[in-house]
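Take a look at the letters that make up each chain.
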Amino acid sequence: MVSLRLMWGLLVLCVVAASPPRYARQAELDNYDNNNVDLDLNVEGGDLYDYYDEIDETQIEIDTLGPDEDIDPSNGASFEEEEEGEEKNVEHEEQEERRTVEEIDHKELPIKPQLIPSGSGESGTLMGPSAQGGMATCMLCTCLVGSVYCDDLKLDRVPPLAKETTHFYARYNKIARISKSDFANLNKLKRIDLTSNGISRIDDDAFFGLPALEELILRENSIRQLPALPPSMSLIDACHNQLGNTGIQREAFKDMPGLLYLYLTDNNIDHIPVPLPDSLRSLHLQNNNIQMMHEDTFCNPHDLNYIRNALEDVRLDGNPINLSRTPQAYICLPRIPVGALI
Ligand SMILES: *[C@@H]1O[C@H](CO)[C@@H](O)[C@H](O)[C@H]1NC(C)=O
């Protein structure tokens, strides 16, 4: 909502600025000498003040939308009042907002609680397992179509999510544990972003049953064991965790035919997690403890015609490995991995 209004403001600014003011054009006709430069600037300067006024108004509106104080889940109901007037607007703008949101995927969004009317007076506690839990979550988080944004709200667990949720963001919270029930039955969930929480434990079946899950971002947590993930994955980001030699299950990525990006930078992994699916484009393993490379890690020593076209971005810098020792290991790759060659 906020970025949409800002963009609208900018658009107005551009459109008006693009067409020379009427007075300036008149001035051009009257004066063909150098003086008209000054005149132009003055007139445009005056108009510019109007533009600033417009922007200021937008700014004031924005300020009133965002809650400044920390949000306590138990106070969620207090948002009902102030949000009632917003509701109609929200509905009209949802479609456009969704587009904006997808574009700025990775950026932080300001928090704006949104009311979804709770039919009965007793809408259930926010963290309760009630069927209305997903609605209560939208009083605390921002819900836009299928996306639920709960960034930076001091949450200590995953809030109840509506079945329609496709994208879930809970970055910069204090979630320590992911249980099996947190994402149970969310059959449309495509993306989960839990960057920078305090996650140290994940139930092994917490994500495996999600048939549509494609992107899982678990950066900057304290995870020791990567849970089993469904075959639908395209991006897995578990950088900056505590994955050690037993942190990744055997053949963890073998049955993911659409996996494109595997980011495991800044862990303590001591081997390359083979076999890697042919679809893989990027493998980031910087700053780990990998010491060995085998001839069949990427390529097939028995089939010299085998080419792994997709894998063009392998990062092994920051590992105690000498890539020069295994020149045969890269013959099927479009590019030699980045890392120490001496
Ligand atoms: C790395 O491997 C190459 C090829 O075997 C060898 O010549 C070189 O001395 C090795 N470097 C180190 C630092 O071990």
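Cut-offs applied
Residues numbered from 1 in each chain as written. Predicted model: local features only at pLDDT ≥ 70, side-chain atom pairs only at ≥ 80, totals over all residues. Heavy atoms only, no water. Helix = DSSP H or I, 4+ residues; strand = E, 2+ residues; numbered from the N terminus. Areas by Shrake-Rupley, 256 points an atom, 1.4 Å probe, with all protein chains shown as cover. Disulfide = S-S within 2.5 Å. Buried < 20%, exposed > 50% of the residue type's maximum accessible area, 1.4 Å probe, protein only. Core = buried A, V, L, I, M, F, W, Y, C linked by side-chain atoms within 4.5 Å. Contact = heavy atoms within 4.5 Å. pLDDT = per-residue confidence, 0-100. Salt bridge = Lys/Arg side-chain N within 4 Å of Asp/Glu carboxyl O. Pairing = 2+ DSSP bridges. Axes fitted to C-alpha atoms, helices over the stretch in contact; angles between N-to-C directions. Polar contact = N/O pair within 3.5 Å; in protein donor to acceptor, adjacent residues only side chain to side chain. Phe/Tyr/Trp six-rings, centres within 6.5 Å; stacked < 30°, edge-to-face > 60°.

J.: Residue-level account of the overall build of the chain, with values.
T.: Looking only at helices and strands, the chain has six helices and 11 strands in total. Surface exposure of the chain reaches about 18,800 Å², of which carbon and sulfur atoms provide 50%.

J.: An account of the state of the cysteines is requested, with residue identities and associated values reported.
T.: A covalent bond between the sulfur atoms of two cysteines is referred to as a disulfide. Following the criterion strictly, the structure yields three disulfides and no others. Note that Cys141 is cross-linked by a disulfide to Cys150, the S-S spacing being 2.1 Å. Because the sign of the S-S torsion sets the handedness, a value of about 110° for the bond joining Cys141 and Cys150 places this disulfide among the right-handed ones. For the pair Cys141 and Cys150, one class covers both residues: buried. Note that Cys299 is cross-linked by a disulfide to Cys332, the S-S spacing being 2.0 Å. Residues Cys299 and Cys332 are joined by a disulfide whose S-S torsion is about -85°; by sign, that bridge is left-handed. One end of the pair, Cys299, is in the loop between β10 (282-284) and β11 (313-315); the other, Cys332, is in the segment after β11, and 33 residues separate them in sequence. The same class applies to Cys299 and to Cys332, which are both buried.

J.: Any chance you could break down helix α6 (residues 133-140) for me, citing the residues and the numbers?
T.: Taking burial as the measure, the eight residues of α6 include seven buried ones, the bulk of the element. Within α6, the full set of buried residues consists of Gly133, Gly134, Ala136, Thr137, Cys138, Met139 and Leu140.

J.: Explain the nonpolar core residue by residue, including any values.
T.: In terms of nonpolar packing, the biggest core is built from 59 residues, with Phe168, Phe183, Phe207 and Phe298 touching the most fellow members. Contact partners of Phe207, with chain neighbours within four places excluded, come to Ile178, Phe183, Ile192, Ile202, Leu213, Leu216, Pro227, Ala228, Leu229 and Pro230.

J.: Can you lay out the confidence of the model for the chain for me, pointing to particular residues and giving the numbers?
T.: Any segment with low pLDDT has predicted coordinates that should not be analysed in fine detail. With 61% of its residues at a pLDDT of 70 or more, the chain shows a mean pLDDT of 75. Segment residues 9-131 is flagged for pLDDT under 50; beyond a separation of four residues in sequence, or across chains, it makes 125 contacts in the model.

J.: Talk me through the pattern of salt bridges; I want residue IDs and the actual numbers.
T.: A full pass over the atoms with the stated rule returns 10 salt bridges. Residue Asp151 is joined to Arg171 by a salt bridge in which the shortest nitrogen-to-oxygen separation is 2.6 Å. One end of the pair, Asp151, is in the loop between β2 (147-149) and β3 (167-169); the other, Arg171, is in the loop between β3 and β4 (177-178), with 20 residues separating them in the sequence. Take Asp151 and Arg171: they sit in the same class, and that class is buried. Arg219 is the salt-bridge partner of Asp237, the closest N and O atoms lying 3.0 Å from each other. Taken together, the residues Asp237 in strand β8 (residues 235-237) and Arg219 in the loop between β7 (215-217) and β8 connect sequence positions 18 residues apart. Look at the salt bridges and you will find they share partners, linking Asp151, Arg171 and Asp193 into a network.

J.: Requested: an account of the sheet that holds β11, with residues and values cited.
T.: The strand order across the open sheet formed by nine strands is β1-β2-β3-β5-β7-β8-β9-β10-β11, and the pairing between neighbours is mixed. Only two strands of the sheet have a single partner each, and these edge strands are β1 (142-144) and β11. Each strand axis lies, on average, 5° off the axis of its neighbour in the sheet, ignoring direction. Of the pairings in the sheet, the one linking β1 to β2 comprises three bridges and is antiparallel in character. Pairing of Leu144 across the sheet is with Ser147, part of β2.

J.: So, the environment of Asn245: which residues are in play, and what are the values?
T.: Looking at where Asn245 falls in the secondary structure, it is placed in the loop between β8 and β9 (261-263). Note: C-alpha distance between Asn245 and His271 (26 residues apart in sequence) is 7.3 Å. In contact with Asn245, not counting residues within four places along its chain, are Asn268, Asp270 and His271.

J.: An account of the environment of Asp193 is requested, with residue identities and associated values reported.
T.: Summarising the element assignment, Asp193 is placed in strand β5 (residues 191-193). Expressed as a C-alpha distance, the spacing of Asp193 and Tyr169, which sit 24 residues apart in the sequence, is 4.8 Å. Of the polar contacts made by the side chain of Asp193, one reaches the side chain of Thr195; its length is 2.6 Å.

J.: Residues and numbers for unusual backbone geometry, please.
T.: For the bond from Val274 to Pro275, the omega torsion is -5°, close enough to zero to count as cis. Along the chain, Pro275 turns up in the loop between β9 and β10.

J.: Can you explain the side chain of Thr297? Please cite residues and give values.
T.: Looking at the secondary structure, you find Thr297 in the loop between β10 and β11. Within the structure, Thr297 has its side chain in polar contact with the backbone nitrogen of His294 (distance 3.0 Å). Those residues in contact with Thr297 that sit more than four places away from it in its chain are Ile272, Val274 and Leu276.

J.: Which residues make up the packing of aromatic side chains, and what values go with them?
T.: Here the structure, examined in full by the defined rule, presents four aromatic pairs. Taking the centre distance of 6.1 Å and the plane angle of 35° together, the rings of Tyr261 and Tyr263 count as tilted. Assessed through its relative accessible area of 23%, Tyr261 is described here as partly exposed. Classification of Tyr263 by relative accessible area gives buried; the value is 18%. Within the aromatic cluster, the residues linked to one another by ring pairs are Phe168, Phe183 and Phe207.

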